[in-house]
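# A look at the structure
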Amino acid sequence: MKDIQKQIEELQKQVELLKKDQPKDKLSMIVFSGSLDKIIAAFIIATGAAAMGTEVTMFFTFWGTAALRKKAKIKKNFSSRMFGFMLPTGFNKLKLSNMNMAGMGTLMMKGLMKKKGVLSLNEMLEISEESDVKIFICEMSMDLMGMQPEEMVDYKNLEYCGVAKFLAEAHESRNTLFI
Amino acid sequence: MQVDQSLDCKGLSCPMPIIKLAKTVKKMNSGEVLEMIGTDPGSKTDVPAWCGKTGNILLEQTEDGGAFKFYIKKK
């Protein structure tokens, strides 16, 4: 009898351990691209998942980080100023990854989206904020391109982090995506 | 069928119908029925998928000339 009790206790311990390591109903996304179409896809998936009751975290890095800029006047050194000059300031400045055709394609796509009732990126960002989608921004890409927190979008659940934070979040997520 | 609330998603595109659906159902009481109307063809598969994932019950789904109607019971 004592043996059986011991075994049950052992099993219970193992079940507890397994439960701890189970992935949660959570989606972790890396948004690497800064193209209009890919960022739209990322936000559609994020807001859709949030509506399905899934916890969502988005990690923006490299061109994705640059896509989250807004217009701001900040004193910068030469290389950061050059980067700042070439990178977009705001969602409105993003371009399609394909068929941009010197801006014509992007313009056409935006027109079509409006006509078909697809939300604009600014509206999607608002919905993400309302649905508690978390945004993490890669500290290193900020540093590399000389961007400062003051020039990033205003967003309630926004944090700066490194790769370990993403990996920890991804570890407990059932779904991970790279966009 | 007794309908407690209705939601008009006509003209809205993915993912708005699902976002609105989630928001509306959140405010309803358990057992109440929502009638949802939309024109997004994606919602034909999206609404059943949403119900399956969230545990709410899709009672009926109809299609009438490009308009889709769903009856959803909150769990």
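Residues numbered from 1 in each chain as written. Chains lettered and ligands numbered in written order. Predicted model: local features only at pLDDT ≥ 70, side-chain atom pairs only at ≥ 80, totals over all residues. Heavy atoms only, no water.

## Description of the overall build of chain B
Within chain B one finds 2 helices and 4 strands. When the helices and strands of chain B are read in sequence order from the N terminus, they spell out β-α-β-α-β-β. Relative to a compact globule of 75 residues, whose C-alpha radius of gyration would be 11 Å, chain B shows 11 Å and is just as compact. Based on the C-alpha atoms only, the size of chain B along its principal axes is roughly 30 × 25 × 20 Å. Across the 75 residues of chain B, 40% fall into the buried class. Taking all contacts inside chain B whose residues are at least 6 apart in sequence as the whole, residues at least 24 apart take part in 63%. For chain B, the computed accessible surface area is about 3900 Å², with 49% contributed by carbon and sulfur atoms. The averaged location of the 9 negative side-chain charges in chain B is 9 Å from the averaged location of its 11 positive side-chain charges. (Helix = DSSP H or I, 4+ residues; strand = E, 2+ residues; numbered from the N terminus. Rg over C-alpha atoms; globule rule 2.2 N^0.38 Å. Buried < 20%, exposed > 50% of the residue type's maximum accessible area, 1.4 Å probe, protein only. Contact = heavy atoms within 4.5 Å. Areas by Shrake-Rupley, 256 points an atom, 1.4 Å probe, with all protein chains shown as cover. Lys, Arg positive; Asp, Glu negative; His and termini not counted. Charge placed at Lys NZ, Arg CZ, Asp CG, Glu CD.)

## Considering the sheet that holds strand 1 (residues 5-9) of chain B
Residue and element names in this part refer to chain B. Taken together, 4 strands build an open sheet; the order of strands is 1-2-4-3 and the sheet is mixed. Of all the strands in the sheet, just strand 1 and strand 3 (57-64) have a single pairing partner and so form its edges. Shown here is a sheet whose adjacent strand axes are inclined to one another by a mean of 15°, direction ignored. One ladder, built from 6 bridges, connects strand 2 (residues 33-38) with strand 4 (residues 67-73); its direction is antiparallel. Its bridge partner lying in strand 4, Gly38 is registered against Phe68. (Pairing = 2+ DSSP bridges. Axes fitted to C-alpha atoms, helices over the stretch in contact; angles between N-to-C directions.)

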